[in-house]
Amino acid sequence: MNQGIEVIGVYVRDQDEAVDFYVGKLGFRVQADVRNGDYRWLTVQHPDQPSVQLGLFRPGPPVHDAATADALDRLVAKGAMPPLVMKVGDCRATYEALSAQGVEFVQEPISRYGQVDAGFRDPSGNGWKMIERPHKETP
Amino acid sequence: MNQSPELLRRLLRAKDRMDAHPDRDWPVERLAGISAVSPAHFARAFKLAFGLPPHRYLLTRRIERAAALLRDTDAAIIDIALQTGWTSIGTFGRIFRDITGESPGECRRRAREVPAPRNLIPECVLRAVERPDLKTAVLEKRRQAVEATLAAPAKEVP
């Protein structure tokens, strides 16, 4: 595939903490970690999906003024950002493994309509749904 | 008054806990403990962050959960009431009607008449979306409805 989505970003309150979470706990890999002055371009990728990067960005200058950055930090912290969805092969097994890592689950796995889903948050407040699709479904 | 991101993140934790188990009782002391806020300040801090008091928020979750069970299961209404945190079917029916404008039985009949293509929105997201938008207190909503029905005929008097 030559065209498609390459980077999608989320705002995080602390990029080191975000690396600890996304890499250390969820098992993502750092794809890019580049600094330009105070600015840090940081992206990670799911090991099974190297074509898509998840940006872990700090609100702040030069992109945002201080008041805007502060507002974004507060919006993320109160869970106001849009939902993120991760597809997993075995929701319950992943839930057990990630819980043991200390991931903050907000919803235990629930089976409904043939699929199993659970929910967790990153340290900043971004909410993830973790969905195991019915196995008969074609991708 | 701006609340710090750290405080908001902790208040979100209390909201998440109500989301996960809306059927349980959530005394202010327990929610305040989750947020590491004093019980005296918790309700106000929660309202400032999320726009409605914690127990009204809990009510919206319970009603949304009950509406989903009415739609998706054949469980008896009394069982749904008990499953979603009410101890009296009378209270459940009254508050359900106050908030949604219809009785639990009417809600079930109406939901089944319209088979909607639901499977493209993740179920967990859909549930949040279908939560009633409870901007006023239930009692206030009831009072407004009574006033509306009282006010209407008065205008017809010549």
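Our subject is the structure that appears above.
What counts, and at which threshold
Residues numbered from 1 in each chain as written. Chains lettered and ligands numbered in written order. Predicted model: local features only at pLDDT ≥ 70, side-chain atom pairs only at ≥ 80, totals over all residues. Heavy atoms only, no water. Buried < 20%, exposed > 50% of the residue type's maximum accessible area, 1.4 Å probe, protein only. Helix = DSSP H or I, 4+ residues; strand = E, 2+ residues; numbered from the N terminus. Pairing = 2+ DSSP bridges. Axes fitted to C-alpha atoms, helices over the stretch in contact; angles between N-to-C directions. Contact = heavy atoms within 4.5 Å. Buried area = accessible area lost by both parts, 1.4 Å probe. Salt bridge = Lys/Arg side-chain N within 4 Å of Asp/Glu carboxyl O. Polar contact = N/O pair within 3.5 Å; in protein donor to acceptor, adjacent residues only side chain to side chain. Nonpolar A, V, L, I, M, F, W, Y, C, P; charged D, E, K, R; others polar. Expected span 1.5 Å × (residues − 1).

Trainee: Any chance you could break down the pairing of strand β8 (residues 127-132) of chain A for me, citing the residues and the numbers?
Mentor: Residues and elements named next belong to chain A. Here β8 lies mainly inside the structure; six of its six residues are buried. Neither face of β8 is open: one carries Gly127, Lys129 and Ile131, the other Trp128, Met130 and Glu132, and all of them are buried. Relative to β8, strand β5 (residues 84-87) runs parallel, the two sharing four bridges. From the neighbouring strand, Lys87 faces β8, where its bridge partner is Ile131. As defined by bridge partners, strand β7 (residues 115-121) adjoins β8 across six bridges and the pair is classed as antiparallel. Counterpart to Gly119 in the pairing with β8 is Lys129. The loop that links β7 with its antiparallel partner β8 comprises five residues; one of these, Gly125, has a positive phi angle of about 125°.

Trainee: An account of the sheet that holds β7 of chain A is needed here, citing residue identities and associated values.
Mentor: Residue and element names in this part refer to chain A. Strand order in the open sheet made by the four strands is β5-β8-β7-β6, with mixed pairing throughout. The sheet is open, and its two borders are formed by β5 and β6 (104-112), each paired with just one other strand. Each adjacent strand pair in this sheet contributes to an overall mean axis angle of 20°, direction not counted. Where helix α3 (residues 91-100) meets the sheet, its contacts fall on β6, β7 and β8, and the angle it forms with β6 comes to roughly 165°.

Trainee: An account of the interface of chain A and chain B is needed here, citing residue identities and associated values.
Mentor: The figure often quoted for interface size is the accessible area lost as the parts come together. Every contact between the two is made by 24 residues of chain A and, on the other side, 19 residues of chain B. For the chain A and chain B pair, buried surface summed over both sides reaches about 1700 Å², with 54% attributable to carbon and sulfur atoms. Inspection of the region where chain A meets chain B yields three salt bridges. The shortest N-O distance in the salt bridge between Asp16 of chain B and Arg121 of chain A comes to 2.5 Å. At the boundary of chain A with chain B, the tally comes to seven residue pairs in polar contact (both at pLDDT 80 or more). No other element matches the five residues that β6 of chain A contributes to the side of chain A that touches chain B. A class-by-class count of the residues in the side of chain A that touches chain B yields seven nonpolar, five polar and 12 charged.

Trainee: Break down the pattern of salt bridges for me, with residues and values.
Mentor: Inspection of the entire model under this criterion finds 15 salt bridges over all chains. Asp70 of chain A is the salt-bridge partner of Arg74 of chain A, the closest N and O atoms lying 2.9 Å from each other. Of this pair, Arg74 of chain A and Asp70 of chain A are both found in helix α2 (residues 66-77), four residues apart, which corresponds to roughly one turn of the helix. Relative accessible area serves as the criterion here: at 30%, Asp70 of chain A is assigned to the partly exposed category. Ionic pairing is found between Arg110 of chain B and Glu102 of chain B, a salt bridge with its closest N-O pair at 2.7 Å. Residue classification places Glu102 of chain B among the buried residues on the basis of a relative accessible area of 14%. Shared partners join several salt bridges into a network, and the residues in it are Asp16, Asp33 and Arg40 of chain A.

Trainee: I'd like a description of the sheet that holds strand β2 (residues 29-36) of chain A, backed by residues and values.
Mentor: Residues and elements named next belong to chain A. Judged by pairing direction, the sheet is mixed, and its four strands sit side by side in the order β1-β4-β3-β2 without closing on themselves. Pairing within the sheet leaves two strands with one partner each, and these edge strands are β1 (7-11) and β2. Between one strand axis and the next, the sheet turns through 25° on average, direction left out of account. Bridging between β2 and strand β3 (residues 39-46) involves seven bridges; their strand directions are antiparallel. Paired with Val30 across the bridge in β3 is Val44. The sheet contacts of helix α1 (residues 15-25) involve β2, β3 and β4 (49-57), and relative to β3 the element is tilted by about 5°.

Trainee: Go over helix α1 (residues 5-20) of chain B with me, naming the residues and quoting the values.
Mentor: In this model, α1 of chain B (16 residues) spans 22 Å end to end at C-alpha, consistent with the 22 Å of a helix rising 1.5 Å per residue. For α1 of chain B, the complete set of buried residues consists of Pro5, Leu7, Leu8, Arg9, Leu11, Leu12, Ala14, Lys15, Asp16 and Met18 of chain B. Packed against the buried residues of α1 of chain B are α2, β6 and β7 of chain A together with α2 (28-35), α3 (39-50) and α4 (54-72) of chain B.

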